[in-house]
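Results of the structural survey
Take a look at the letters that make up each chain.
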Amino acid sequence: MGRNQRAESAGLISCVICAMVGFVAMSLYRAYAPAIWQLTQRSFAACAAIDAACSVVSFIVGYTHFSRSLHEQRHWYLVLRRLFEVLALSVVYGSTIFLTSFMFLDMINSVMGRAMSGYLPAICAAFCAIFGYVTFVQAELMNAKTLASLLPFFIIAGVSTAGSTSDDPYWANNNFSQLGDRTTFAARMFNSTLMLGGICIVIISYFAITELVASYRQRLRWHGDATKLGSGPIPHFVQRTVILAILLTLAGIEFFGIGMFRYTPHPILHNVFARSLPGVMGILLIALPWLAPQLSKAVYVISDLAIVVCAYAGVIWLEGNNTLTNVEALAGLLFLGWFVVFTRQIAAIETDRMQAQLLHAQYDAATANPTADSMRTVPIPVNVPVTRESSANNTPDAHDGTSGKRHHWHWPRRHENGISGTAVEPSLESRLASDQ
């Protein structure tokens, strides 16, 4: 079986195991939990926690059991980095699945009512089976596009659940801070969503920056000065990347701070994080062409358009024709949408880099054994560097007296630029491609 088929088969095994664990765990909870924990929302929280726990274990098993970095004996930093990545991705998946499960349970409860309590172990088993299967397969075939798609769904699930369970029907008339400015379950859900969302932004930004560095190093090694981004390396690439990482990290920290410090007990700290977030977002979107010149021009246009829309909504609010809640919701959704577009652009760069590595390895292997059959099966490299050498050293045309002195275009040899069949050293790659 191939890699994808093995992943699907192992995902089915994970599905069955997680379903059994979820059913047993929820049945034990219903039988032995104290009466105060048998309330509807607490039962839903326990069910969502069981779903998240099963999914995280399934994800960790699928993510690490084929990992080479965890078995490195000489490079301890690779092992430490991989352990950090496992922990970070577990936080992203666990928090997303917890909030998503709770949202679905609340929706089912609004339809079934009190009759749902008798079906809770079966529902928990079904959710564990679905999430266990999905997380295992995604862990086996992890890529940046999968990771990017989790964040907006996670934020929307948490905020929607908090808004639907809030006991304050007038919170939307003021701002989002009013939804979290309480000690109720809905307020805790909202604040926890913002805090976990900030952590997820920082984690995903780490993978994005790592991939930008890896692709840039490969481009320099293969293309040298002949690049479409200009004549030579990107000026001040390190400084640009550091500033981009700082801005993305600050955006995540400010989301975390808004949820951590409620307005009533901490008005100054809450306002510092809430009011500085639009400034950081504006700088990030405006300076994006300079910070990340590897992206396409369409991303820059979308970034500028998002700023214009947010500014227009803010002017309408200042004129008294809109609520601050609508402006905050619009700005938040646009930023999340932009972040998804940004991370998917990074994923596209990663995919192109892996494809170039594969073509390079195939062509290099074929040129090492230049038989007719082997060369016929090698695809023609696209946007991949070639070198021009005299045919006197590499081609039989040099011995053809009637053809004169010819030149032949061919792939760089291993001894010419130090590129091996693996193309990139694992420590220079992002995690999402290092084991593929």
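Residue numbers here run from 1 along each chain, matching the order of that chain's written sequence. It should be noted that, the model being predicted, local features are given only for residues of pLDDT at least 70 and side-chain atom pairs only at 80 or more, the latter also being counted only at that level, while totals for whole chains, interfaces and linings use all residues. Side-chain measures were taken over the full set of non-hydrogen atoms in the model, leaving aside hydrogen atoms and water.

1. Section: the overall build of the protein
Secondary structure counts use DSSP, requiring at least four H or I residues in a row for a helix and at least two E residues in a row for a strand, with both numbered from the N terminus. Within the protein one finds 17 helices and four strands. Per-residue burial for the protein yields a buried fraction of 44% across its 436 residues. Note on areas: Shrake-Rupley, 1.4 Å probe, and residue coverage restricted to the protein chains presented here. Summing over all exposed atoms, the protein offers an accessible surface of approximately 22,100 Å²; the carbon and sulfur share of this is 66%. Buried means the residue's accessible area, taken with a 1.4 Å probe over protein chains only, is under 20% of the maximum for its type, while exposed means over 50%, and partly exposed covers the values in between.

2. Digging into the side chain of Ser303
Mapped onto the elements, Ser303 comes out in helix α12 (residues 297-318). Here Ser303 falls in the buried class, since its relative accessible area comes to 0%. Definition of a polar contact: a pair of N or O atoms within 3.5 Å, with one able to donate and the other able to accept a hydrogen when the atoms are protein atoms, and with sequence-neighbouring residues admitted only if both atoms are side-chain atoms. Of the polar contacts made by the side chain of Ser303, one reaches the backbone oxygen of Val299; its length is 2.8 Å. The contacts of Ser303, once residues within four sequence positions are left out, are Leu285, Leu288 and Trp338. Note on contacts: a residue pair qualifies if any of its non-hydrogen atoms lie within 4.5 Å across the two residues.

3. A short note on the environment of Pro265
Here Pro265 lies in the loop between α9 (237-260) and α10 (267-286). The spatial distance from the C-alpha of Pro265 to the C-alpha of Asp181 is 8.9 Å, given a sequence separation of 84 residues.

4. Looking at the pattern of salt bridges
We define a salt bridge as a contact between a side-chain nitrogen of Lys or Arg and a carboxyl oxygen of Asp or Glu at a distance within 4 Å. On inspection of all chains with the given rule, the structure shows two salt bridges. The shortest N-O distance in the salt bridge between Asp181 and Arg262 comes to 3.7 Å. Taken as a pair, Asp181 in the loop between α7 (176-180) and α8 (185-223) and Arg262 in the loop between α9 and α10 lie far apart in primary sequence, 81 residues in all.

5. Looking at the packing of aromatic side chains
Geometry of an aromatic ring pair is reported as the spacing of the ring centres plus the angle between the planes. Each aromatic pair joins two rings of Phe, Tyr and Trp (for Trp, the six-membered one) with centres within 6.5 Å, and gets the label stacked for planes under 30 degrees apart, edge-to-face for over 60, and tilted for any other angle. Under the criterion given, the structure shown has 14 aromatic pairs. One aromatic cluster is present, built from ring pairs that chain together Phe255, Phe335, Trp338, Phe339 and Phe342. Only when the NZ of Lys or the CZ of Arg is both within 6 Å of the ring centre and within 35 degrees of the ring normal is a charge said to sit over the ring. Of note, Arg42 hangs over the ring of Trp37, and the distance from its end group to the ring centre comes to 4.7 Å.

6. Description of the environment of Met26
Positionally, Met26 belongs in helix α1 (residues 3-32). As a C-alpha pair, Met26 and Ser43 span 17 residues in sequence and 9.1 Å in three-dimensional space.

7. Thoughts on the state of the cysteines
When the sulfur atoms of two cysteines come within 2.5 Å, that pair is taken as a disulfide. Applying the stated criterion to the full structure yields zero disulfides. Unpaired in terms of disulfides, Cys54 finds its nearest cysteine sulfur in Cys128, a separation of 3.9 Å. Residue classification places Cys54 among the buried residues on the basis of a relative accessible area of 10%. In this structure Cys124 is a free cysteine whose sulfur lies 3.7 Å from that of Cys47, the closest cysteine sulfur available.

8. A short note on the confidence of the model for the protein
Known as pLDDT, the predictor's per-residue confidence is scaled from 0 to 100. On average, the protein scores 75 in pLDDT, and the residues at 70 or more come to 77%. Residue range residues 225-231 is modelled with pLDDT below 50. Its contacts to residues more than four positions away, or to other chains, number ten contacts.

9. A word on a nonpolar patch on the surface
Where nonpolar side chains cluster on the molecular surface, the patch consists of Val238, Val242, Ile246, Leu250 and Ile253 and spans about 410 Å² of accessible area. Tracing the backbone shows Ile253 in helix α9. Every patch collects residues that have over 30% relative accessible area and no salt bridge, joining them within 9 Å if they carry like charges and within 5 Å if they are nonpolar side chains (Val, Leu, Ile, Met, Phe, Trp, Tyr).

10. Remarks on the packing of α1 against helix α4 (residues 120-140)
Fitted lines through C-alpha atoms serve as axes, helices being fitted only where they are in contact, and the angles separating the N-to-C directions of these axes extend from 0 to 180 degrees. Relative orientation of the contacting elements α1 and α4 amounts to 150°, with a least axis distance of 6 Å. In terms of their interaxial angle, α1 and α4 are classed as roughly antiparallel. Along this stretch, α1 crosses α4, giving a crossing that reads as right-handed. Three categories are distinguished: nonpolar for Ala, Val, Leu, Ile, Met, Phe, Trp, Tyr, Cys and Pro, charged for Asp, Glu, Lys and Arg, and polar for the others, with Gly belonging to the last. Here the residues of the contact of α1 with α4 sort into 18 nonpolar, five polar and four charged. Orientation labels follow simple angle bins: below 35 degrees gives roughly parallel, above 145 gives roughly antiparallel, 65 to 115 gives roughly perpendicular, and whatever is left gives oblique. Each crossing gets its handedness from the near helix: less than a right angle anticlockwise from the far helix is left-handed, clockwise is right-handed.

11. Structural notes on the packing of α1 against helix α2 (residues 40-64)
In contact at an axis separation of 10 Å, α1 and α2 are set at 150° when each is read in the N-to-C sense. On the basis of their axis angle, the class for α1 and α2 is roughly antiparallel. In this structure, α1 crosses over α2, and the sense of that crossing is right-handed. Only Arg42, Ser43, Ala46, Cys47, Ile50, Cys54 and Ser58 of α2 make contact with α1, whose side of the interface consists of Ser14, Cys18, Val21, Gly22, Ala25, Met26, Tyr29 and Arg30.

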